[in-house]
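Residue-level structural notes
Here's the letter readout for the chains.
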Amino acid sequence: MDAESPKPEAMPVAATADAPLLRISSLTKRFAGYVAVDNLSLDIHAGEFFALLGPSGCGKTTLLRMIAGFETPDSGEILLNGDNIVNALPHQRPFNMMFQNYALFPHLTVEGNIAFGLKRLGMHASDVKDVVAQMLALVQLEGLGKRRPDQLSGGQRQRVALARSLALRPKILLLDEPMAALDKKLRESTQRELLELQRKLNMTFIIVTHDQDEAMTVADRIGVMDHGRLEQVAPPRQLYEAPRSRWVAEFVGDVNVFEGKMTGEEQGRVMVETRDAGTIIVPKPQGADDGKTLCVAIRPEKIKVSQRGPVNDLGGSAAINRLAGVVADVGYLGNATVYSVKLDAGAMLRASVSNTTRLDADSYQIGQRVVAWFVPADCMVLEQ
Amino acid sequence: MMARRLFARPARIAAIAPYLWMALFFLLPFAFVVKISLSQTAIAQPPYVPVIAIAEGGWAGFKAALAQLSLDNFRLLISDNIYVLSYLRSLTVAAIATAIMLLIGYPIAYGMARLPARWQPVAMVLVIVPFWTSFLIRIYAWINILQHDGLLNKTLMALRIVREPVTWLSTDTAMYIGIVYSYLPFMILPLYASLAKLDIGLLEAAADLGCSRLKAFWLVTVPISLPGVGAGVLLCFIPIVGEFVIPDLLAGSDRLMIGQTLWLEFFTNKDWPVASATAVVLLAVLLIPLLVYQRLQQRQLGTD
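The model shown is predicted, which means the values in this text are computed figures rather than measured ones. (Residues numbered from 1 in each chain as written. Chains lettered and ligands numbered in written order. Predicted model: local features only at pLDDT ≥ 70, side-chain atom pairs only at ≥ 80, totals over all residues. Heavy atoms only, no water.)

Attention now goes to the interface of chain B and chain A. Buried accessible area, meaning the area lost when the parts come together, often serves as the stated size of an interface. Contacts between chain B and chain A engage 22 residues on the former and 22 residues on the latter. Where chain B abuts chain A, roughly 1,800 Å² becomes buried across the two surfaces, and 61% of that area is made up of carbon and sulfur atoms. Considering only the surface of chain B that becomes buried against chain A, B:Glu204, B:Asp208 and B:Leu209 emerge as the three largest contributors, covering 38% of it. Between chain B and chain A we count 1 salt bridge in total. Between B:Glu204 and A:Arg65 there is a salt bridge; the shortest N-O distance is 2.6 Å. Split into classes, the residues belonging to the side of chain B that touches chain A amount to 11 nonpolar, 6 polar and 5 charged. (Contact = heavy atoms within 4.5 Å. Buried area = accessible area lost by both parts, 1.4 Å probe. Salt bridge = Lys/Arg side-chain N within 4 Å of Asp/Glu carboxyl O. Nonpolar A, V, L, I, M, F, W, Y, C, P; charged D, E, K, R; others polar.)

The following block contains the structure:
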């Protein structure tokens, strides 16, 4: 699978530098009975915040651990600025890891933990002290330096782990599910802080997460992994709006998918006759031929729901997709309401309607007939 | 009222039970020993004076008996260097044996803690299995192994490591073999308990922060296992100081450990007061390492 994203114009500035900081090339790791990482290639650029996203067991942590040096790949190369470091031991690599359970040394104070790596460098004691103080300030833990890890809250421990892994100014900071143990509110604020920190220090971060909101929030680029392979590597927006496969579309966010065959073409659009949602007009995909089986995918928030559909002459209304059906379920989420519409053609369709006003008159009841409509440009055409 | 509260809270009784036990089976007997240590030996039954018998003498008799108590026996312990030498020998033997056990026990415990999870209970049982045979029988077995034509000499000669049988019995070597063999499980088990809890992630973190394996062992594994080391050392050192059977059966009779001296005073010399004084001092000597250990632990809990 090609790891580079297909649309470079959406790439952040930092990622366009010529030579990658880290090049992973055809990396494979097998464990007894299964392939954890399967012939995977990936470039990470200096200054980038890269997220490895995937379901548990997809191999993302194994990949991170191979970068850190805790696992030895069966084949492939890891190049740092062009040098193969695949045989270097963890302590010989200029990377630091922030562990999922933080792995703070229980016998050392907060200061002792942060100073641990600095002391190994043979740094002068007064310099160590300075860096430790800097790091404590950076993660806003001034005054807690003399505490032991068991005297800290979960959020504070997380900060100590971060400070410890940043103290050595690693070429790349590896973060293994760094916020898995935090509650939602704290996680969100920590994500923002992490992002600010990365920008401020202009460091390269690789984060492993199974939380797509987290990946979307912090990352410049996201690599979506499944079964040891990278399904797609792209900036968050592209990943969401232009997923490469049905699997990616379904893994990242919510999506309605209808299978069908191409039946006709006009003005750069094609008609897809779906099995259970009628005919849907979509933008013409590359290399499309009549009779080819395709998947039409549409995000729930791109679909509008109304009683009669759009006013007829709304900007080339002929091309608007209208799917009639009956409301089968209403899910109220506060910021949005998700309607499940049982289409007359048979399929179930989910449409998410933003609750833009407090007292919303346009809400629909179960059993009510509605028209779900959307423009062709909002449809994604995917290979099966 | 009090009774009702006690019955309402059975937990209170449970909390008192250990103290009651200690009072009944440790403090009270120890008070007797202290009292005897302050008495004088006599050819009588029991073999010391004064005898406190409140039932007979009443309050006046009790006061008269108290007036007769003296520290003479303790002065004897200091003035006659037999006792001082015995104490020193006990402490030396205990220290050397404990150090040997730490050196042998730590790698064993470390190896056990690194075994696959399903093999760890097996290893644990193997460590405990010797306890299923009486301690005394196992020491007699060692006499058998170490004697002139015993298994050890036969093996050494068969392997042509020695030509003549070596004299093992009645030497310090034999005594150390016996002590280390007998007490090793008490060293291994607490060490194992603390090493098994060690999170492998901490070693990875140490490696990540620039430690080689050896460095990570010294800077992470060893400090984290120190409470286990402390427990193992105390569990071995304290009983070995008072050890009587092993030195009596395996070591020579030229230099005695304090347990042997105490036995001599009590059974051979029938000098209960001196034997009691010896025991009281022994307890005081053993309390010191305990208090030191507690201090260390408190300091570890503090800010360090």
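That covers the picture; the talk isn't over yet.
The next thing to look at is the domain arrangement of chain A. Residue and element names in this part refer to chain A. For chain A, the assigned domains are domain 1 (8-94 + 170-250) and domain 2 (254-382). At the junction of the two partners, domain 1 supplies 10 residues and domain 2 supplies 9 residues. Its largest share of buried area at the contact with domain 2, domain 1 owes to Tyr-240, Arg-246 and Ala-249, together 64% of the area lost on that side. Our enumeration of links across domain 1 and domain 2 arrives at 2 salt bridges. With its nearest N and O atoms 2.9 Å apart, the salt bridge here joins Glu-259 to Arg-246. Where domain 1 meets domain 2, there are 5 residue pairs in polar contact (both at pLDDT 80 or more). When its residues are assigned to classes, the side of domain 1 that touches domain 2 shows 5 nonpolar, 1 polar and 4 charged. (Domains from an automatic or database assignment. Polar contact = N/O pair within 3.5 Å; in protein donor to acceptor, adjacent residues only side chain to side chain.)

What follows covers the environment of B:Tyr110. Residue and element names in this part refer to chain B. Along the chain, the position of Tyr-110 falls in helix 5 (residues 81-114). When its relative accessible area of 26% is taken as the criterion, Tyr-110 is described as partly exposed. Residues Tyr-110 and Asp-271, 161 residues apart in the sequence, show an inter-C-alpha distance of 47 Å. (Helix = DSSP H or I, 4+ residues; strand = E, 2+ residues; numbered from the N terminus. Buried < 20%, exposed > 50% of the residue type's maximum accessible area, 1.4 Å probe, protein only.)

Before going further, it helps to examine the packing of aromatic side chains. Two descriptors summarise a pair of aromatic rings, namely the distance from one centre to the other and the angle between the planes of the rings. Tallied over the entire structure, the rule returns 20 aromatic pairs over all chains. An angle of 40° between the planes, with centres 5.8 Å apart, marks the rings of A:Phe70 and A:Phe99 as tilted. Of this pair, A:Phe70 sits in the loop between helix 1 (60-68) and strand 4 (75-80) while A:Phe99 is found in the loop between strand 6 (95-98) and helix 2 (110-120), placing the two residues 29 residues apart along the sequence. With relative accessibility at 6%, the residue A:Phe99 sits in the buried group. Relative to B:Phe62, the ring of B:Trp59 has its centre 5.6 Å away and its plane inclined at 25°; by these criteria the two rings are stacked. Placement of both B:Trp59 and B:Phe62 in helix 3 (residues 54-68) is noted, with a separation of 3 residues, approximately one turn of the helix. With relative accessibility at 62%, the residue B:Trp59 sits in the exposed group. Lying over the aromatic face of A:Tyr240, A:Arg299 brings its terminal NZ or CZ to 4.0 Å of the ring centre. (Phe/Tyr/Trp six-rings, centres within 6.5 Å; stacked < 30°, edge-to-face > 60°. Lys NZ or Arg CZ within 6 Å of the ring centre and 35° of its normal.)

Residues and elements named next belong to chain A. When you line up the elements, Ile-24 lands in strand 1 (residues 22-31). Residue classification places Ile-24 among the buried residues on the basis of a relative accessible area of 2%. Separated by 20 residues in the primary sequence, Ile-24 and Ile-44 have C-alpha atoms spaced 8.3 Å apart.

Residue and element names in this part refer to chain A. Read from one edge to the other, the open sheet built from 4 strands follows the order 2-1-4-5, with strand pairing classed as antiparallel. Taken across any chain shown, the strands that pair with only one partner, and hence form the sheet edges, are strand 2 (34-44) and strand 5 (83-84). Pairing of strand 4 with strand 5, which is carried by 2 bridges, proceeds in the antiparallel orientation. Its bridge partner being in strand 5, Leu-80 is matched across the sheet by Asp-83. Across the sheet, helix 1 is in contact with strand 1, strand 2 and strand 4; its angle to strand 1 comes to roughly 120°. (Pairing = 2+ DSSP bridges. Axes fitted to C-alpha atoms, helices over the stretch in contact; angles between N-to-C directions.)

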